[in-house]
Structures are given as C-alpha cells and as structure tokens.
Amino acid sequence: MFNKILIANRGEIAVRIIRACREMGIRTVAVHSDIDAECLHVKFADESVCIGPAQSSESYLNIANIISAAEITGADAIHPGYGFLSENTYFADVCESCNIKFIGPHKTTIQQMGDKSTAKKTMRKAGIPTIPGTEECITAETPKLFKIAKKIGYPLIVKASAGGGGKGMRIVPSEDALKNAIITAQTEAKAAFGNGDVYLEKYLEEPKHIEFQILGDIKGNVVSYPERDCSIQRRHQKLIEESPSNISPKLRKKMGHYARLAAKAVDYFTAGTIEFLVDKKENFYFMEMNTRIQVEHPVTEMVSGVDLVKEQIRLAGGEPLGYNYDDVVIKGHVIECRINAEDSEKDFIPSPGKIESVIFPGGPGVRLDTHIYPGYTVPSAYDSLLAKLLVIDTKREKAIARMQRALSEFEITGIKTTIPFHKTTLANDYFKKGEIYTNFIQKRLYGEK
Ligand code: MV4
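Rules and cut-offs
- Residues numbered from 1 in each chain as written.
- Predicted model: local features only at pLDDT ≥ 70, side-chain atom pairs only at ≥ 80, totals over all residues.
- Heavy atoms only, no water.
- Pairing = 2+ DSSP bridges.
- Helix = DSSP H or I, 4+ residues; strand = E, 2+ residues; numbered from the N terminus.
- Contact = heavy atoms within 4.5 Å.
- Axes fitted to C-alpha atoms, helices over the stretch in contact; angles between N-to-C directions.
- Polar contact = N/O pair within 3.5 Å; in protein donor to acceptor, adjacent residues only side chain to side chain.
- Near = heavy atom within 4 Å.
- Areas by Shrake-Rupley, 256 points an atom, 1.4 Å probe, with all protein chains shown as cover.
- Nonpolar A, V, L, I, M, F, W, Y, C, P; charged D, E, K, R; others polar.
- Domains from an automatic or database assignment.
- Phe/Tyr/Trp six-rings, centres within 6.5 Å; stacked < 30°, edge-to-face > 60°.
- Buried < 20%, exposed > 50% of the residue type's maximum accessible area, 1.4 Å probe, protein only.
- Disulfide = S-S within 2.5 Å.
- Core = buried A, V, L, I, M, F, W, Y, C linked by side-chain atoms within 4.5 Å.
- Parallel < 35°, antiparallel > 145°, perpendicular 65-115°, else oblique.
- Left-handed = near helix turned anticlockwise from the far one by under 90°.

S.K.: Help me out: how do you make sense of the sheet that holds strand β3 (residues 47–52) in this one?
M.R.: Each strand in a sheet pairs with its neighbour through backbone hydrogen bonds, running either in the same direction (parallel) or in the opposite one (antiparallel). Strand order in this open sheet of five strands is β3-β2-β1-β4-β5, and the pairing throughout is parallel. Both edges of this open sheet fall to β3 and β5 (101–102), since each of them pairs with a single strand only. Both strand β4 (residues 77–79) and β5 contribute to a ladder of two bridges, which runs parallel. Pairing of A77 across the sheet is with K101, part of β5. Along the sheet, helix α1 (residues 11–23) contacts β1 (4–7), β2 (27–33) and β4; its crossing angle with β1, the most-contacted strand, is approximately 175°.

Structure, rendered in structure tokens:
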C-alpha cells in the first residue's frame, strides 16, 4: 500500500481524499496555489507545498511543479481528484516515467475514452448499445452527406470528438441546417480543443442522464453500483443527482450488465463511470465513460455504503476487489444538491468573496462534503463548488423532505449561492413526481417550450 499520497487538487475533493488517506494510515501532501494557502485541505494534510500563483495553468495544471512537489516530499502516488489533470493522459504518463503511481485507470484508457468518437466505436464493438449515427467523423464536404444524415433521421446532433460535457454540440432540426451546424461545431471544437473532428448522431428528445459507478481491480474484476440520475443540469453543469433513479428494476439490471461489459471492454482499472442516455421508451445508449472519481461519487457511497475513494486507492495499490456485483445493495434513496457560489436568483452569476458566517446543516441522514468555513474567501479563479449536501432516507419523498429541512438550516452569509434554486426545485411538482429529464430546468422551472 502507498506510504504517502500527493493530492493534486483543491477544495472539497482534496479534503475528501485526505480524509480517506488519513483513515487508511497513509500520509498526505497537499499542493496549493499562493491564494489557497489557508484552505482546509492544506490544514488537514500532513505536509503542503505551494506550487505556484492563482492561475490554474501556473499551479494546479502545472505538471512540472506538481511532480517536483511529489519528488521533494517523497510521495509514492498522486491522486488527481476530478477536473484539472484527472483525465490528462500526458500527466499520467509523466507520473509513470517518474515512478509515481497515478491513482486512476491505465493511461491508454484515459486516452481512448477521452476521444468521444473512439470511445463510441470501442463500446459498439463490445456490443454496448450506442446512439445511431456516423461511425467516422464527417465534414460538410463528406460525400453523400445528406443521404447519410437522412438515413440516421432528423433531428440530428453534431458532436465534437474531443468534446464531452456538452461542449461543441449542435442540434440539427432539419436538412437545411446541416452544413452550417457541421461547420459551426467544427470551428468551436477546433477553438476549444485544438481538434475540429465532429460526428453525427440521432438526437434523442428529452433523455435522462443515467450513469453507473464502476470499480475495476488489477486482475480485471469489475463491479457496478446502483445508477445515479444526473439529469438536472444547467448548461451541462450537474446541480442535483439522485440514486436510485425511477427506471425499472429490470432496466437497472440490464444497464448494470452493460456498464460492467463496457468496463471489461477496456480492462477498466480503479474507479470510473459509464454514462448513458435513456429515452422515454427506456431505450438506453452509451454516451461517455469518465475515467476519474466524479463530483457526485458520495451519492453512490451513501446509497450502497461503500467508500469509493478508499476503494480507488487500494485498487490502485494492486489489491483485489474481494466482492462482486451481487454483494452491492441499495440502502435507501439519496439526493445530492451542489451548493455553488453562484446567485441562482440572478441567472447563476458567480458570487465569489468572503464568507462572513455559515451555519451547517446536520442531523440524521445528512452528509455535507465541503471545504468552506466562516471567514473563508471564495476565490474567483476556480470552479464555484462550495459544498455537496446529501441526504438519505427510506423513500424518495422522505429524502425530498429531509433535503428541504437540511437546506432550510444551511445559511451562508457574505456571498450568494444556489441554495434558493434547490429549495425551489425540490418543491416543484414535476420534480416530486420524478418527471426528470435533461431539459427539466428550461421546461419545468423556467417554462420554456
Ligand atoms: C445527446 C443528447 C441527445 N441526443 N446526444 C450533453 C453532454 C454530453 N455528455 C452529451 N449530451 C447530450 N447528448 C444525443 N444523441 C442530449 C445531451 C444533453 C444532455 C445529456 C446529459 C445531461 C444533460 C444534457 C443536457 C443537454 C443535452
């Protein structure tokens, strides 16, 4: 097992990883930018190293400085968390060449799954249902383009191969919009990712975003956990996640099988997530594979009673899983609300600044993963996530009531947050009925057609 792990991240996920390490008796190294010197992850770690100025490219994305911090502290592994370098193949490669264990999947898996068109091809070959579309990337000049598009059927969606998370996507309602949509998506993708490759898919109307947590060990064993419904998103940023979803037990079993098959197809190692889109007829299709621990991992920890970060670390250390899919349980209904430093009553504009006071929620069935404290200054340099508030109860309606109670206790002064959004959403009749799709916010909260 590792002796010392450097956490190449900040905020609540860095605190989360340090907590797992401390319970495992593993020493921890925190890295921080100059403005993060007073952060909670620095306080909780055994050692800390300043790796540069506030700007992420000079600090949390600065591979040379992070590796140097690992070298001078003698860390034998690096945990990348999520975001930053967590899905950076080059970083995983540099760790390997410096004989520092990268806590994550094989670098080839990160590379393969990072290219959305390659990921889709890999999954289709493995027999996982994928969304009907073009096998290869296309351009506006592709021969027989209109025939190919007509065969898939409108509405279509143009997607960037280097994209993901909704970046570089264009919906095509009909043939006359096709060429422009391709050119626009290519231009956007080239600018955003340095790779303008795009492909076509049949556009699914009002799908659900259903994802399965997976774990894989060094021997190729794989387990999956009950699904998470992550459909409530704003501009492709998840805001509320829950488990289980309202799919049928039969579909849960079938999709879990395909999630494990997808993991096996790439010999998945440590923790990952298989994302599916599910249409109104309960047809499901592979969307993406995320090769990192995700923000919403506590949803699965609470619903199944597993510590995913400890599992990720011990699997990365070469230990076998020691259990299988049949041992996984559903202990209740879990809901997570992401509390961001954004003013949800003013179009979610960022609201960085000093937290004057905070009253944290608590009580039975409540979990709060956070790095904030009274007097903490929320920087504008990084993502806006302040805390993840989770509840578990025996039934969904009880979990909703518990979440409403916990939200009513959660008081942060000095900055604005998304707490009002969560209170409104959990009181919404369509939400209560479970009528949740990826366009929920536009259609059910803001009343767009
Ligand atoms: C789709 C889709 C409908 N049809 N693909 C958005 C992010 C990226 N993961 C893929 N996404 C979508 N792909 C087809 N063929 C709808 C979305 C989508 C979405 C998916 C999951 C969660 C939220 C979403 C919000 C808007 C669009």
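Still more ground to cover, so stick around.
S.K.: What should I look at first to understand the side chain of R10 in this one?
M.R.: Along the polypeptide, R10 turns up in the loop between β1 and α1. A distance of 2.6 Å separates the side chain of R10 from the side chain of D36, its partner in a polar contact. Within the structure, R10 has its side chain in polar contact with the side chain of Y376 (distance 3.3 Å). Ignoring any residue separated from it by four or fewer positions in sequence, one finds R10 in contact with D36, C39, H41, Y60, F84, Y376, P379 and Y382.

S.K.: Sorry, what's going on with the site of the ligand here?
M.R.: Around the ligand, a shell composed of 17 residues is seen, among which K159, E201, K202, L204 and E288 lie nearest. At 2.7 Å from a nitrogen atom of the ligand is found a main-chain nitrogen or oxygen belonging to K202. One of the side-chain nitrogen or oxygen atoms of E288 is found 2.8 Å away from a nitrogen atom of the ligand. Contact with the protein chains removes 92% of the 520 Å² of surface that the ligand exposes when unbound. For the shell around the ligand, the class distribution of residues is seven nonpolar, six polar and four charged. Residue assignment places the shell around the ligand across two domains, with domain 2 (132–202) and domain 3 (208–445) each supplying three or more.

S.K.: Whenever I open this one, the packing of aromatic side chains confuses me. Can you help?
M.R.: Aromatic ring pairs are defined here through the distance separating the ring centres and the angle between the ring planes. Enumeration according to the criterion identifies 10 aromatic pairs in this entry. Seen from their ring centres, Y60 and Y382 are 5.4 Å apart, and the 85° between their planes marks the pair as edge-to-face. Residue Y60 is located in the loop between β3 and α3 (63–73), and its partner Y382 is located in the loop between β21 (377–378) and β22 (385–393); the two are separated by 322 residues in the primary sequence. Both residues of the pair, Y60 and Y382, belong to the buried class. Consider the rings of F431 and F440, whose centres lie 6.4 Å apart with planes at 75°: the pair is edge-to-face. Take F431 and F440: they sit in the same class, and that class is buried.

S.K.: Whenever I open this one, the state of the cysteines confuses me. Can you help?
M.R.: One covalent bond between the sulfur atoms of two cysteine residues makes up a disulfide. Summed over the entire model, instances satisfying the criterion amount to zero disulfides. Take C50: it sits in no disulfide, and the sulfur closest to it among the cysteines is that of C39, at 11 Å. The exposure class assigned to C50 is partly exposed, which follows from its relative accessible area of 45%. The closest cysteine sulfur to the non-disulfide-bonded C337 is located on C230, 13 Å from its own sulfur. Given the relative accessible area of 0%, C337 is considered buried.

S.K.: What exactly am I supposed to notice about the nonpolar core here?
M.R.: For soluble globular proteins, the rule of thumb is that nonpolar side chains tend to be buried together. Judged by nonpolar contacts, the single largest core of 36 residues is most densely connected at I240, I339, L389, F410 and I412. Looking at this core, the element that brings in the most residues is helix α12 (residues 396–409), giving five residues. Excluding residues within four positions of it along the chain, I412 makes contact with I339, I355, S357, V358, I372, L386 and T417. By size, the runner-up hydrophobic cluster in this structure holds 30 residues, among which are C21, I103, V309 and A316.

S.K.: Is there a simple way to think about the packing of α12 against helix α13 (residues 419–426) in this case?
M.R.: When two helices pack together, their arrangement is given by the angle between their axes and by how far apart the axes lie. Running from N to C, α12 and α13 cross one another at 155°; their axes reach a closest spacing of 10 Å. Classed by the angle they form, the pair α12 and α13 counts as roughly antiparallel. In this structure, α12 crosses over α13, and the sense of that crossing is left-handed. Contacts between α12 and α13 involve I400, M403, Q404, L407 and S408 from the former and I419, H422, K423 and L426 from the latter. Classifying every residue of the contact of α12 with α13 gives five nonpolar, three polar and one charged.

Bear in mind that shape data such as this cannot, by itself, settle questions of function.
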